[in-house]
Amino acid sequence: MSAVACLNHEATKSDLHRNVADFQPSVWGDYFLQYTSESMEFDQNMVAQIETLKNDVKNMLVSKTENPLVKIYLIDSICRSGVSYHFEHEIEEILQHIHNNYVENGEITIEDNLGTIATLFRLLRQQGIHVSPNVFNKFKDEQGNFSEKLTSDVDGMLRLYEATHLMIKGEDILEVALAFTTTHLESIAKQLSHPHAIQVKHSLRQTLHKNYPRLEARSYISIYEQDPSHNKNLLNLAKLDFNMLQSLHQKEFGNFCKWWKALDVPGKLPFARHRIVESCFWGLGVYFEPKFSMARKFMTKLVVIITMIDDTYDAYGTIDELELFTKAIERWDVSCMDNLPNYMKFLYRIILDLYEEIEKEMKKEGRIYALKYYVKEFIKYVQAYMTEARWLNNNYKPTLEEYIRVSTESSGYALATTTCYIGMGDIATEEIFKWVSNEPKIINAAIVLCRLMDDIVSNEFEQKREHISSFLECYMKQYNISREAAIQEGRKRISDAWKDMNKECLRPYEVPMPFLTRILNLSRFMDVVYKDKDNFTHPEGEMKKFIKALLVDPVPI
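Residues numbered from 1 in each chain as written. Predicted model: local features only at pLDDT ≥ 70, side-chain atom pairs only at ≥ 80, totals over all residues. Heavy atoms only, no water.

**Focus: the overall build of the chain**
Here is step 1 of the chain: Scanning the chain from N- to C-terminus turns up 24 helices and 2 strands.
Here is step 2 of the chain: The principal-axis extents of the C-alpha atoms in the chain amount to approximately 80 × 60 × 50 Å.
Here is step 3 of the chain: The buried share among the 557 residues of the chain stands at 57%.
Here is step 4 of the chain: By sequence separation, contacts in the chain at least 24 residues apart represent 73% of the contacts at least 6 residues apart.
Here is step 5 of the chain: Roughly 23,900 Å² of accessible area belongs to the chain as shown, and the carbon and sulfur atoms make up 51% of that amount. (Helix = DSSP H or I, 4+ residues; strand = E, 2+ residues; numbered from the N terminus. Buried < 20%, exposed > 50% of the residue type's maximum accessible area, 1.4 Å probe, protein only. Contact = heavy atoms within 4.5 Å. Areas by Shrake-Rupley, 256 points an atom, 1.4 Å probe, with all protein chains shown as cover.)

**Description of the nonpolar core**
Here is step 1 of the chain: Of all hydrophobic cores here, the largest spans 188 residues; its most connected members are Phe-32, Phe-136, Phe-281, Ile-309, Tyr-374, Phe-378 and Tyr-421.
Here is step 2 of the chain: It is helix H16 (residues 370–393) that provides the largest number of residues to this core, a total of 14 residues. (Core = buried A, V, L, I, M, F, W, Y, C linked by side-chain atoms within 4.5 Å.)

**Concerning the layout of surface pockets**
Here is step 1 of the chain: Put simply, the largest pocket is a space of about 1,200 Å³.
Here is step 2 of the chain: Around the largest pocket, the lining comprises 43 residues; the ones closest to its centre are Ser-84, Glu-88, Gln-126, Thr-517 and Arg-524.
Here is step 3 of the chain: Counting residues per element, the ones that place at least two in the lining of the largest pocket are helix H3 (71–80), helix H4 (88–102), helix H5 (114–126), helix H9 (213–226) and helix H23 (513–529).
Here is step 4 of the chain: Residue composition of the lining of the largest pocket, grouped by class: 21 nonpolar, 9 polar and 13 charged. (1 Å grid on protein atoms, 1.4 Å probe; cavity = no way out; pocket = protein on both sides within 12 Å on 5 of 7 lines; lining within 4 Å. Points joined across faces, edges and corners; volume = space filled by probe spheres on them. Nonpolar A, V, L, I, M, F, W, Y, C, P; charged D, E, K, R; others polar.)

**A short note on the pattern of salt bridges**
Between side chains of opposite charge, pairing is possible as soon as their charged atoms come close.
Here is step 1 of the chain: Applying the stated rule across the entire model yields 39 salt bridges.
Here is step 2 of the chain: Notably, a salt bridge pairs Arg-349 with Asp-353, separated by 3.0 Å at the nearest N-O pair. Of this pair, Arg-349 and Asp-353 both sit in helix H15 (residues 342–365), 4 residues apart, which is roughly one turn of that helix.
Here is step 3 of the chain: For Asp-553, the salt bridge identified is with Lys-548, shortest N-O distance 3.0 Å. (Salt bridge = Lys/Arg side-chain N within 4 Å of Asp/Glu carboxyl O.)

**What about the environment of Leu-522?**
Here is step 1 of the chain: Among the structural elements, Leu-522 can be located in helix H23.
Here is step 2 of the chain: When the C-alpha positions of Leu-522 and Thr-181 are compared, they lie 27 Å apart, and in sequence the two are 341 residues distant.
Here is step 3 of the chain: Once residues within four sequence positions are removed from consideration, Leu-522 is found in contact with Trp-282, Val-286, Met-299, Tyr-413 and Thr-417.

**Focus on empty space enclosed by the protein**
Here is step 1 of the chain: Summed over the entire model, instances satisfying the criterion amount to 4 cavities of 30 Å³ or more.
Here is step 2 of the chain: In this structure, the largest cavity spans a volume of roughly 70 Å³.
Here is step 3 of the chain: A per-element tally of the lining of the largest cavity places H16 first, with 4 residues.
Here is step 4 of the chain: Of the residues that constitute the lining of the largest cavity, the class distribution is 5 nonpolar, no polar and 2 charged.

**Observations concerning the confidence of the model for the chain**
Here is step 1 of the chain: Here the chain shows a mean pLDDT of 94. Residues at 70 or above account for 96%.
Here is step 2 of the chain: Note that residues 1–15 has pLDDT below 50 and, in this model, 17 contacts with residues that lie over four places away or in other chains. (pLDDT = per-residue confidence, 0-100.)

**Side note on the packing of aromatic side chains**
Here is step 1 of the chain: Here the structure, examined in full by the defined rule, presents 35 aromatic pairs.
Here is step 2 of the chain: Seen in terms of ring centroids, Tyr-313 and Phe-325 are 6.2 Å apart; in terms of plane orientation they differ by 65°. Their pairing is edge-to-face. Note that Tyr-313 is positioned in helix H13 (residues 293–315) and Phe-325 in helix H14 (residues 319–331), a separation of 12 residues in sequence.
Here is step 3 of the chain: By relative accessible area, Phe-325 is classed as buried at 0%.
Here is step 4 of the chain: Clustering of aromatic rings is evident, with ring pairs tying together Tyr-313, Phe-325, Trp-332, Tyr-348, Tyr-355, Tyr-374, Phe-378, Tyr-381 and Tyr-385. (Phe/Tyr/Trp six-rings, centres within 6.5 Å; stacked < 30°, edge-to-face > 60°.)

**Let's talk about helix H8 (residues 197–205)**
An α-helical segment advances 3.6 residues per turn. Residues three or four places apart therefore align on the same side.
Here is step 1 of the chain: Ala-197, Val-200 and Ser-203 are the residues of H8 that are buried. Buried residues of H8 fall within an arc of 130° about the axis and therefore sit on the same side.
Here is step 2 of the chain: Against the buried residues of H8 lie helix H6 (154–164) and helix H7 (172–189). (Arc of directions from axis to C-beta.)

**Points about the packing of H3 against H5**
Here is step 1 of the chain: For the pair H3 and H5, interaxial distance at closest approach is 10 Å and the crossing angle is 55°. The pairing of H3 with H5 is recorded here as oblique in orientation. Between H3 and H5 lies a crossing of left-handed hand. Facing Ile-72, Tyr-73, Ile-75, Asp-76 and Arg-80 of H3, the residues of H5 in contact are Gly-115, Thr-116, Thr-119, Leu-120, Arg-122 and Leu-123.
Here is step 2 of the chain: Residues belonging to the contact of H3 with H5 are distributed by class as follows: 5 nonpolar, 3 polar and 3 charged. (Axes fitted to C-alpha atoms, helices over the stretch in contact; angles between N-to-C directions. Parallel < 35°, antiparallel > 145°, perpendicular 65-115°, else oblique. Left-handed = near helix turned anticlockwise from the far one by under 90°.)

**As for the packing of H6 against H7**
Here is step 1 of the chain: Where H6 meets H7, the axes come as close as 9 Å, and the angle between the chain directions of the two elements is 135°. Relative to H7, the element H6 lies oblique. In terms of crossing hand, the pair formed by H6 and H7 is left-handed. Of the residues in H7, those in contact with Val-154, Met-157, Leu-158, Leu-160, Tyr-161 and Thr-164 of H6 are Leu-174, Ala-177, Leu-178, Phe-180, Thr-181, Thr-182, His-184, Leu-185 and Ile-188.
Here is step 2 of the chain: Looking at the contact of H6 with H7 residue by residue, the class counts come to 11 nonpolar, 4 polar and no charged.

**Remarks on helix H18 (residues 413–422)**
Here is step 1 of the chain: The buried fraction of H18 amounts to 10 of the 10 residues, a majority that puts the element mostly inside the structure.
Here is step 2 of the chain: Residues Tyr-413, Ala-414, Leu-415, Ala-416, Thr-417, Thr-418, Thr-419, Cys-420, Tyr-421 and Ile-422 constitute the buried set of H18.

**Overview of the side chain of Ser-470**
Here is step 1 of the chain: Within the secondary structure, Ser-470 sits in the loop between helix H20 (441–462) and helix H21 (471–479).
Here is step 2 of the chain: The buried category is assigned to Ser-470, whose relative accessible area is 3%.
Here is step 3 of the chain: A polar contact is formed between the side chain of Ser-470 and the backbone nitrogen of Leu-472, at a distance of 3.1 Å. (Polar contact = N/O pair within 3.5 Å; in protein donor to acceptor, adjacent residues only side chain to side chain.)

**Re the environment of His-209**
Here is step 1 of the chain: Mapped onto the elements of the fold, His-209 is located in the loop between H8 and H9.
Here is step 2 of the chain: The spatial distance from the C-alpha of His-209 to the C-alpha of Asn-502 is 10.0 Å, given a sequence separation of 293 residues.
Here is step 3 of the chain: Setting aside chain neighbours within four positions, we find His-209 in contact with Glu-162, His-165, Leu-166, Trp-498, Asn-502 and Arg-524.
Here is step 4 of the chain: Here Asn-502 takes part through its side chain, which lies 2.8 Å from a polar atom of the side chain of His-209.

Here is the structure:
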């Protein structure tokens, strides 16, 4: 009997009511199988070209100059074109030098145009260096408003707009600057013949700070090439580096698709979303660098698993089956499989396989301590889903407070963060995992962002079938307000979450910046993929376009 027939047989036999969602099939099919490869070696000719260009760009960065401010735009282009990971040490030294010489009492002291000051402000904050936004007061008129004269400086306005997205709570001047620049840039975006119209539209749609890093690189390389003042060596480095990484990522996607096909997930779990390519894209969003290849493997497999778990609890499993599965996860023992229905045995086996894969690697690295934190977060995650399943089964409408408490666990964010640190090597000490498990402010902010962005765009599709109340229903009921007002409240909380994350990424850090960057990247993925709709569940539009840009089409050399 086929797996699908088995499932149908089980359902009929028990006359069970199953709350199945209508998920569309994969939009990629077997496309990425063509890239399957045992070898992760790079083209040595390309590697040699990249090394030469890297040395050229490094020499530009470290060259002696009387005015280090000339390097601000170079650093900005390096960061935006996706190659800053090659020059972290040099960038840190230059920005630290500028901070030591051109910042007094937290305020930038250089006299320059809006574009330079806004770019320097953003770069220093990106680097974790706190500088005051009061420097922008000099661009106000006698009435205390931003000067209308600025509107003729489109590049400066765009750079100020990008800088405002690194604001923290209480920075009213940046709130005003955001409103001012948004209004004027939206007007420019409508003027199709305007030379900056495409760039302005891109920034208004997806601001730099919140963009998926590889998508930003792909987009910026094209913009940079059109700039008459572009540096040829940097442009060539960005193009070659992008294509070299693309070839590595294609192989990884191919190998994941081969793993998925061998498992026969569509046959074993026909009710679930079949999103292996999109799961790979999620892992790639957390880290793209070659050294994190293993980390991407763990992360991608986790995303596949949590998608299956989500659909099992949300769209297929009966309450009795879910109780059994939850107990099996709590016991974390292969012998627990015996009592599970066939489709759950399959899912449980995949969960234990990933655990064993991680265990093998952690033993090799002498970091076996990571496993207990992984299992602890996994159990908490599944228990939260079980609570939500009981609510739905009992037709219980949680209060807003109850919903937030449980849904922050069922978002899987703490589990995802813990998992993404496992593959980061020796720098991920036990202290890092303890820090995650103590619910630090930046992770709580990221959870709020993740949960609310998902709720706002998924709500309509989910409520077409039996589904627990989301943030919107809970908030509407508690405060007796409209759906639109609840969405506005959700968006305000998302904005506040970004401000909290920005603050936690300023020195002194609680943990080293590479760990904070992963949290930012997980949040950036949400901001891009869940902006207007759930593009993970419905990947035929934007998501397909994103993956094509990064994994199908190379950058023209």
